[in-house]
Amino acid sequence: MKYKFIQTLLLVLLPTLFAACGSDNNDPTDNIGGLTVSTDLKNNEVSAKGGSFFLQIKAEGKWTASSQDSWCTINNKEGNGNASTICSVSANDGDERYTVITVTSNGKSENVTITQKEGNGKEPDPDPDPSGYAGRIEIPKLLGGNMNQFITHSTKRNGKDYPTYSIEYSYEYKHCYWVAYRFDNTTGGSVGRNENYQPDPNIPKQYQTYKDDYNFSANGYTRGHLCASSDRQYSVEANKQTFYMSNISPQLQTGFNQSGTTWDKAEGVVQKWGKITQASDTLYVIKGGTIGPNKIKGYIDNGIAIPKYFFMAVLYCSNKNYKAIAFYLPHENLKVPPYSSKELKDYVLSIDELEKETGFDFFINLPDDVEKQVEANYTLSDWSW
């Protein structure tokens, strides 16, 4: 009891003490000598099961970052200028604990105090909204680094932020690695197609892409949505966000990005699974086109990479029961041989198999035992086609 009292007292006093040399930084407008540090965590709190979150740094020049405790690690501990870096937190099976992350730039330091909730030694049920956007169940393991940017677009619903979708964007390839979002009993609607292609305002100008990048010299590649306009029909604002160019990928018009193709059928069946009426049910979706060495077909204007393959990883939760399935399609004209005889089910594979193909680690925010079980296998008859 004495230890618990001392720990509680420290949690109350330490943020005040650190304010003399830094900031707890719940206020992202607090700027010390050109240095601002924040996280994507609500109240800078992490759940007992751990996970990942983003440390967002705005600095004029070089900076370094450090964590006071080993249970909270920082992916990139140094950088230059504005950047985001991933922090990982291990599971907690004891009392509530805290650590301090310190960022230093040009002789100035700013502190962020991270609190992790008390654990009970048992793996809790999956949190439908884990700590921070990076901790949500649909978010894969982030690559991080100064050339990749994690972004979540959201809208206000009933006074609260509701994520439209999240991406991890590559400055090098001017294309996102994936788009992640969810369907639940509140994502239905019919607001229509509010077409307004715009550069993503969160991406630095030198790495942005534009509607006109797809004109004339695109050699048959059209603007293909990843999070489809039809996926976000519950609000006009959310639908408009699907037209940010960071959510757009060069896709062959003939045989791929058109009605009736295999890719179109995959999108349609996922939207069918996303028509949810029960509050206890959620469909988690990750879609993308492959980018990286040996994973692209080339580039269109403005250095935008053309993926060799497109994929989907899908996880369904119904009253805490999970199932998963994946699709992996070559970026080809699937209406001509050798693909004409294949059906959508011919491109199905397990999440584990998709991870081997893409190199991503999907659904890491599930408890390990749940993740291992649902990713290993799939059953076609478990899904309505």
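Check the entry above for the structure.
The shown structure was predicted, so the numbers you read here are calculated from the model rather than taken from an experiment. (Residues numbered from 1 in each chain as written. Predicted model: local features only at pLDDT ≥ 70, side-chain atom pairs only at ≥ 80, totals over all residues. Heavy atoms only, no water.)

### Quick notes on the overall build of the protein
- For the protein, the count of helices and strands is 5 helices and 20 strands.
- Long-range pairs, those at least 24 residues apart, make up 67% of the contacts in the protein between residues at least 6 apart in sequence.
- Surface exposure of the protein reaches about 17800 Å², of which carbon and sulfur atoms provide 47%. (Helix = DSSP H or I, 4+ residues; strand = E, 2+ residues; numbered from the N terminus. Contact = heavy atoms within 4.5 Å. Areas by Shrake-Rupley, 256 points an atom, 1.4 Å probe, with all protein chains shown as cover.)

### Quick word on the nonpolar core
- Core analysis: the largest hydrophobic core is formed by 45 residues, its most contacted members being Val-179, Val-270, Trp-273, Leu-283, Val-314 and Phe-327.
- Elements represented by at least two residues in this core include exactly strand E11 (160-170), strand E12 (175-183), strand E14 (248-252), helix H3 (262-273), strand E15 (281-289), strand E17 (304-307), strand E18 (309-318) and strand E19 (321-330).
- Looking at which element gives the most residues to this core, the answer is H3, with 5 residues.
- Once residues within four sequence positions are removed from consideration, Val-314 is found in contact with Val-270, Trp-273, Leu-283, Tyr-284, Lys-323, Ala-324, Ile-325, Ile-351, Phe-363 and Trp-383.
- Counting residues in hydrophobic clusters, the runner-up holds 33 residues, among them Tyr-284, Tyr-328, Leu-349 and Val-370. (Core = buried A, V, L, I, M, F, W, Y, C linked by side-chain atoms within 4.5 Å. Buried < 20%, exposed > 50% of the residue type's maximum accessible area, 1.4 Å probe, protein only.)

### Comments concerning the side chain of Glu-375
- As for its placement among the helices and strands, Glu-375 is situated in helix H5 (residues 368-376).
- Notably, Glu-375 is buried but unbridged: the nearest opposite-charge side chain belongs to Lys-372, and the N-O separation is 11 Å. (Lys, Arg positive; Asp, Glu negative; His and termini not counted. Salt bridge = Lys/Arg side-chain N within 4 Å of Asp/Glu carboxyl O.)

### Regarding H3
- Over its 12 residues, H3 extends 17 Å from the first C-alpha to the last, a length consistent with the 16 Å expected when each residue adds 1.5 Å.
- Within the sequence span of H3, burial applies to Thr-262, Trp-263, Ala-266, Glu-267, Val-269, Val-270 and Trp-273. Viewed along the axis of H3, the buried residues span an arc of 165°, placing them on a single side of the element.
- For H3, the elements touching its buried residues are E12, strand E13 (221-225), E14, E15, E18 and E19. (Expected span 1.5 Å × (residues − 1). Arc of directions from axis to C-beta.)

### Some details on the sheet that holds strand E4 (residues 62-67)
- With mixed pairing, the 5 strands of this open sheet are ordered in space as E2-E9-E8-E4-E6. If you trace the sheet from one side to the other, it starts and ends with strand E2 (45-46) and strand E6 (78-80), each paired once.
- The pairing of E2 with strand E9 (residues 108-116) spans 2 bridges and is classified as parallel. Across the sheet, the residue bridging to Glu-45 is Thr-115, located in E9. (Pairing = 2+ DSSP bridges.)

### Re H5
- Within H5, burial applies to Val-370, Glu-371, Val-374 and Glu-375. Buried positions in H5, seen along its axis, are confined to an arc of 110° and lie on one side of it. More than 90 degrees from the buried face of H5, the exposed residues found are Asp-368, Asp-369, Lys-372 and Gln-373.
- Contact partners of the buried residues in H5: E18, E19 and helix H4 (351-358).

### Focus on the sheet that holds strand E3 (residues 51-58)
- Taken together, 4 strands build an open sheet; the order of strands is E1-E3-E7-E5 and the sheet is antiparallel. Of all the strands in the sheet, the pair left with one neighbour each is strand E1 (36-39) and strand E5 (72-74). Averaged over all adjacent pairs, the angle separating strand axes in this sheet is 25°, with direction ignored.
- Where E1 and E3 come together, 4 bridges link them in antiparallel fashion. Following the sheet pairing, Ser-38 is matched in E3 by Gln-56. (Axes fitted to C-alpha atoms, helices over the stretch in contact; angles between N-to-C directions.)

### Brief notes about unusual backbone geometry
- Not every positive phi belongs to a glycine, and Asn-294 is a case in point at roughly 65°.
- With respect to the helices and strands, Asn-294 occurs in the loop between E15 and strand E16 (296-300).
- Even without a glycine there, the phi angle at Phe-363 is positive, about 50°.
- Mapped onto the elements, Phe-363 comes out in the loop between H4 and H5.

### Let's talk about a nonpolar patch on the surface
- A cluster of nonpolar side chains, Tyr-378, Leu-380 and Trp-385, forms an exposed patch at the surface whose accessible area comes to about 240 Å².
- Within the secondary structure, Leu-380 sits in the segment after H5. (Patch = residues over 30% accessible without salt bridge, like charges linked within 9 Å, V, L, I, M, F, W, Y side chains within 5 Å.)

### Some remarks on the packing of aromatic side chains
- Under the counting rule described, the total for this entry stands at 20 aromatic pairs.
- Ring centres 5.3 Å apart and planes at 40° place the aromatic pair Phe-256 and Phe-310 in the tilted group. Placement of Phe-256 in the loop between E14 and H3 and of Phe-310 in strand E18 is noted, with a sequence separation of 54 residues between them. Like Phe-310, Phe-256 is buried.
- Sitting over the ring of Trp-383, Lys-323 keeps its end group 4.4 Å from the ring centre. (Phe/Tyr/Trp six-rings, centres within 6.5 Å; stacked < 30°, edge-to-face > 60°. Lys NZ or Arg CZ within 6 Å of the ring centre and 35° of its normal.)

### Some details on the pattern of salt bridges
- Counted by the stated rule, this structure contains 6 salt bridges.
- For Arg-136, the salt bridge goes to Glu-138, with nearest N and O atoms at 3.0 Å.
- The exposure class assigned to Glu-138 is buried, which follows from its relative accessible area of 2%.
- Arg-182 is the partner of Glu-138 in a salt bridge, and the nearest nitrogen-oxygen pair spans 2.7 Å. A residue pair is termed long-range when its members are at least 10 positions apart, and Glu-138 in the loop between E9 and strand E10 (148-157) and Arg-182 in strand E12 qualify at 44 residues.
- Judged by its relative accessible area of 9%, Arg-182 is buried.
- The network of salt bridges with shared partners includes Arg-136, Glu-138 and Arg-182.

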